[in-house]
Amino acid sequence: MCSSDLSPAAVALGLDLSTVSRQFRELEAWLGVTLARRGRGGFALTPEGERLHALTRQLFGTLHALAGDLAALGPGHRPVLRLGVVDALLTAAPLGGAADLPALLARLVDEVPGLSLHLRTLRPREIERELLAGSLDAGILAANAPPAGLEQHVLWQETNHLYVGPGHPWQADPPDPPTDDQLRSLALVTDPYPDTIPHAGLRPLFAQNARTRADSIEAAALLVRSGRFAGYLPEHLVQHTGALAGLRAVAPAQLSYRQDIVLGCRQGKADPVLRRLLRLLQRVRTA
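Remember, predicted model here, so these are calculated numbers, not experimental data. (Residues numbered from 1 in each chain as written. Predicted model: local features only at pLDDT ≥ 70, side-chain atom pairs only at ≥ 80, totals over all residues. Heavy atoms only, no water.)

J.: Summarise the overall build of the protein chain; cite the residues concerned and give the values.
T.: What the protein chain contains, in helices and strands, is 12 helices and 11 strands. Residues classed as buried in the protein chain amount to 42% of the 287 residues present. For the protein chain, long-range pairs separated by at least 24 residues make up 69% of all intrachain contacts whose partners lie at least 6 apart in sequence. Of the roughly 15000 Å² of accessible surface on the protein chain, a fraction of 56% belongs to carbon and sulfur atoms. (Helix = DSSP H or I, 4+ residues; strand = E, 2+ residues; numbered from the N terminus. Buried < 20%, exposed > 50% of the residue type's maximum accessible area, 1.4 Å probe, protein only. Contact = heavy atoms within 4.5 Å. Areas by Shrake-Rupley, 256 points an atom, 1.4 Å probe, with all protein chains shown as cover.)

J.: Could you give an account of the nonpolar core, naming the residues involved and the relevant values?
T.: Judged by nonpolar contacts, the single largest core of 49 residues is most densely connected at Ile 140, Leu 233 and Leu 263. The leading source of residues in this core is helix H12 (residues 272-286), at 6 residues. Among residues more than four places away in sequence, those in contact with Ile 140 are Leu 83, Gly 84, Val 85, Val 86, Leu 89, Leu 101, Ile 127, Leu 155, Ile 261, Val 262 and Leu 263. Within the second largest apolar cluster, 14 residues are counted, among which are Val 164, Trp 170, Leu 205 and Val 250. (Core = buried A, V, L, I, M, F, W, Y, C linked by side-chain atoms within 4.5 Å.)

J.: With reference to specific residues and values, describe helix H4 (residues 101-111).
T.: Buried within H4 are the following residues: Leu 101, Leu 104, Leu 105 and Leu 108. One side of H4 carries all its buried residues, which in axial view fall inside an arc of 95°. (Arc of directions from axis to C-beta.)

J.: So what about the pairing of strand S9 (residues 231-234)? Which residues, and what values?
T.: On S9, burial covers both faces: Gly 231 and Leu 233 on one face and Tyr 232 and Pro 234 on the other are all buried. Bridging between strand S6 (residues 150-164) and S9 involves 4 bridges; their strand directions are antiparallel. Across the sheet, His 161 pairs through a bridge with Leu 233, a residue of S9. (Pairing = 2+ DSSP bridges.)

J.: Which residues make up a nonpolar patch on the surface, and what are the values?
T.: A surface patch of nonpolar side chains, about 390 Å² in accessible area, is lined by Leu 27, Trp 30, Leu 31 and Val 33. Tracing the sequence through the fold places Leu 27 in helix H2 (residues 17-31). (Patch = residues over 30% accessible without salt bridge, like charges linked within 9 Å, V, L, I, M, F, W, Y side chains within 5 Å. Salt bridge = Lys/Arg side-chain N within 4 Å of Asp/Glu carboxyl O.)

J.: Describe the side chain of Thr 91, listing the residues and the values that go with them.
T.: Residue placement: Thr 91 occurs in the loop between strand S3 (80-85) and H4. Among the polar contacts made by the side chain of Thr 91, one reaches the side chain of His 236 at a distance of 2.8 Å. If we skip the residues at most four places from it in the chain, Thr 91 touches His 236, Leu 237, His 240 and Thr 241. (Polar contact = N/O pair within 3.5 Å; in protein donor to acceptor, adjacent residues only side chain to side chain.)

J.: How would you sum up the pattern of salt bridges? Please name residues and give values.
T.: Counting across every chain of the model gives 7 salt bridges. Among the salt bridges present, the one from Glu 26 reaches Arg 22, with a minimum N-O distance of 3.2 Å. Taken together, the residues span about one helical turn, with Glu 26 and Arg 22 both in helix H2 at a distance of 4 residues. Judged by relative accessible area, which is 37%, Arg 22 ranks as partly exposed. Among the ionic pairs, Arg 120 bridges to Glu 130, the shortest N-O distance being 2.6 Å. Here the residue Arg 120 occupies a position in strand S4 (residues 116-121), and Glu 130 occupies one in helix H5 (residues 124-133), the gap between them amounting to 10 residues.

J.: I'd like a rundown of the pairing of strand S5 (residues 138-142), residues and numbers included.
T.: Burial of S5 is extensive: 5 of the 5 residues sit out of reach of the surface. Across 3 bridges, S3 lies against S5 in parallel orientation. Along S5, the bridge assignment pairs Val 85 with Ile 140.

J.: If you had to explain unusual backbone geometry to someone new, which residues and values would you point to?
T.: Here the bond from Asp 176 into Pro 177 is cis, since omega is 0°, no more than 30 degrees from zero. Mapped onto the secondary structure, Pro 177 falls in the loop between helix H6 (169-172) and helix H7 (180-184). In this structure, Ala 88 is a non-glycine residue whose phi angle is positive, near 65°. Within the secondary structure, Ala 88 sits in the loop between S3 and H4. Although it is not a glycine, Ala 251 adopts a positive phi angle of roughly 40°. In this fold, Ala 251 is placed in the loop between strand S10 (248-249) and helix H11 (252-255).

Taken by themselves, the reported measurements are silent on function.
Below, the structure is given as structure tokens:
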């Protein structure tokens, strides 16, 4: 086994690598299956390893929910919701036409006396990892195929356009539609969410033009507003942010796309606050 295969696990567990490697081999022997393939191609879980990984995640999720229920029995318990969110949600579209996200959170606070909300802005993959690890109760992110052990509840659908700003050559007279050569020569801002772009032909362009990167939607908006770059931004952000006035969507019929924004959480029994949030979401969507 290559030392790099299980090194991150050894660091996370606070154990030496030889101990983790030995325990991994003992687990394989006890189960009677091969959990991972090791070789020049790297380290990869087998189907049996993937299944065990999913079952383990489900187990930890159930234990976390049980711990929350037990804690709620004690005196002085203060309910907590640990929520991971992607950025640029303040101007997001209404939930089912009935309430925006701040209003939903306000209703949750009103319905759960003493609720403590812990919000963290993270990238989608980080939200998924922390949900699986049990360090988040729920997350709001762009829909994608969720990893085993997670489920998603649709909140709203978001429209995204490829924008340019004042001063950009395409702002006054954008090609409609641009040719492949024009797109390849376009200076693009690569944001944290390029894997959500459904146009397979555009993803390589962002990879090729990755000289300019932004680690958030707001940072991408700053660069697009400079007039020197093009980048994808949510329509609601541009429409409701005065500083972005003058941005122009390029060839929306060909280059724009819509994606679901979802509430992600672990499968299985949820803790009481998360169950209340899911019920509230259901009431909002059916109102």
